[in-house]
Amino acid sequence: PEPAAIFSLFIELKHKFDVVIIDAPAGIGEGFSLSILGADVAVLVTTPDYVALRDADHINNLLRERGIKNRAYVVNKADKTFLGADSLPSVENIISMMHIDLLGIIQSDNNIHLSGSRGRPYVMSGASYVKRNFQKIADRIFRF
């Protein structure tokens, strides 16, 4: 796709909707570059391992260089039994590595994967901690 056409589409969407969410592909290829053309805010989603956090920090720096001032992140698939152990950084270390606001942490939970495979996201099932956690993250994004 032509960058100018994508940018025009984003401008048109901004005029029609209060919020437009673009799910960008991982990495820094053409899909990433196209997805941020009209961005005002960026929310990075990363896992809590050192390699993913370094990549997320690199993406954060690219976003800053491209003029996106409002940036934050979410940590996904966090297993609290391993955070801060030898293999994964602690929450405090993650915060100090990222240099932007943490919107929330989504715990690793097999129910999330299983319910998604069944076609009904776990976040939609009752009053689970996952639903509350996603709601808090969504609230923070809209205040951001």
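Residues numbered from 1 in each chain as written. Predicted model: local features only at pLDDT ≥ 70, side-chain atom pairs only at ≥ 80, totals over all residues. Heavy atoms only, no water.

Participant: Teacher, can you tell me more about the nonpolar core here?
Facilitator: Side chains that are nonpolar tend, in soluble globular proteins, to be buried together. One finds F32, L44, I59, L63, Y73, I94 and M98 to be the most contacted residues of the largest nonpolar core, which totals 16 residues. Those elements giving two or more residues to this core turn out to be β1 (41-46), α3 (50-65), β2 (70-78) and α4 (91-98). With five residues, the top contributor of residues to this core is α3. Beyond its immediate sequence surroundings of up to four residues, M98 is in contact with L53, A56, D57, N60 and Y73. With five residues, the next largest nonpolar core counts A72, L103, I106 and I137 among its residues. (Core = buried A, V, L, I, M, F, W, Y, C linked by side-chain atoms within 4.5 Å. Buried < 20%, exposed > 50% of the residue type's maximum accessible area, 1.4 Å probe, protein only. Helix = DSSP H or I, 4+ residues; strand = E, 2+ residues; numbered from the N terminus. Contact = heavy atoms within 4.5 Å.)

Participant: Even after reading the chapter, I still don't get the sheet that holds β2, so can you show me in this structure?
Facilitator: Through backbone hydrogen bonds, the strands of a sheet pair up, either in parallel or in antiparallel fashion. Read from one edge to the other, the open sheet built from three strands follows the order β1-β2-β3, with strand pairing classed as parallel. For this open sheet the edge positions go to β1 and β3 (101-107), each flanked by a neighbour on one side alone. On average, each strand axis in the sheet is tilted by 20° relative to the strand beside it, whichever way the strands run. Pairing between β1 and β2: six bridges, direction parallel. Bridged to V41 within β2 is N70. (Pairing = 2+ DSSP bridges. Axes fitted to C-alpha atoms, helices over the stretch in contact; angles between N-to-C directions.)

Participant: In this structure, what is going on with a nonpolar patch on the surface? I would like to understand it.
Facilitator: On the surface, V19, I21, V41, V43, V45, I141 and F142 cluster together to form a nonpolar patch covering roughly 630 Å² of accessible area. Those elements that provide at least two residues to the nonpolar patch are β1 and α6 (129-143). Per-element accounting of the nonpolar patch gives the leading share, three residues, to β1. If you trace the backbone, V19 turns up in the loop between α1 (3-16) and α2 (30-35). What makes V19 partly exposed here is its relative accessible area of 42%. (Patch = residues over 30% accessible without salt bridge, like charges linked within 9 Å, V, L, I, M, F, W, Y side chains within 5 Å. Areas by Shrake-Rupley, 256 points an atom, 1.4 Å probe, with all protein chains shown as cover. Salt bridge = Lys/Arg side-chain N within 4 Å of Asp/Glu carboxyl O.)

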